[in-house]
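# Structure at a glance
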Amino acid sequence: CLLKSRAPSCGGRDVNGSGRPGFFAEAVLKRYPHAAVEEESRLRRREFREWFLSQLFLAASLRTLGKF
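Small disclaimer: the values here were computed from a predicted structure and weren't measured.

To continue, consider the pattern of salt bridges. Evaluated as defined, the whole model comprises four salt bridges. We note a salt bridge from arginine 42 to glutamate 38, for which the minimum N-O separation is 2.5 Å. Arginine 42 gets classed as partly exposed once you look at its relative accessible area, which sits at 23%. For arginine 45, the salt bridge is made with glutamate 47, and the minimal N-O distance between the two is 2.4 Å. By relative accessible area, glutamate 47 is classed as partly exposed at 40%.

Structure representation (structure tokens):
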């Protein structure tokens, strides 16, 4: 799941200086605690992009095996 950084509803990190994610992002994180979730702005950095893609491929592999 990709979240829009600094958006009031779906920002994944410090939104409006509150230190909490937006209300949509918070609901997604609560409903899907093991899902790969990242803000789009952080995907510009190679290490975050690699981590996010690795999580997606791992989840797909586990689903194929029936473990997730």
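Once you've had a look at it, read on.
This next bit is on the packing of aromatic side chains. Considering all chains together, one arrives at zero aromatic pairs under this definition. One residue, arginine 42, lies across the ring of phenylalanine 48, its end atom 3.7 Å from the ring centre.

What counts, and at which threshold
Residues numbered from 1 in each chain as written. Predicted model: local features only at pLDDT ≥ 70, side-chain atom pairs only at ≥ 80, totals over all residues. Heavy atoms only, no water. Salt bridge = Lys/Arg side-chain N within 4 Å of Asp/Glu carboxyl O. Buried < 20%, exposed > 50% of the residue type's maximum accessible area, 1.4 Å probe, protein only. Phe/Tyr/Trp six-rings, centres within 6.5 Å; stacked < 30°, edge-to-face > 60°. Lys NZ or Arg CZ within 6 Å of the ring centre and 35° of its normal.

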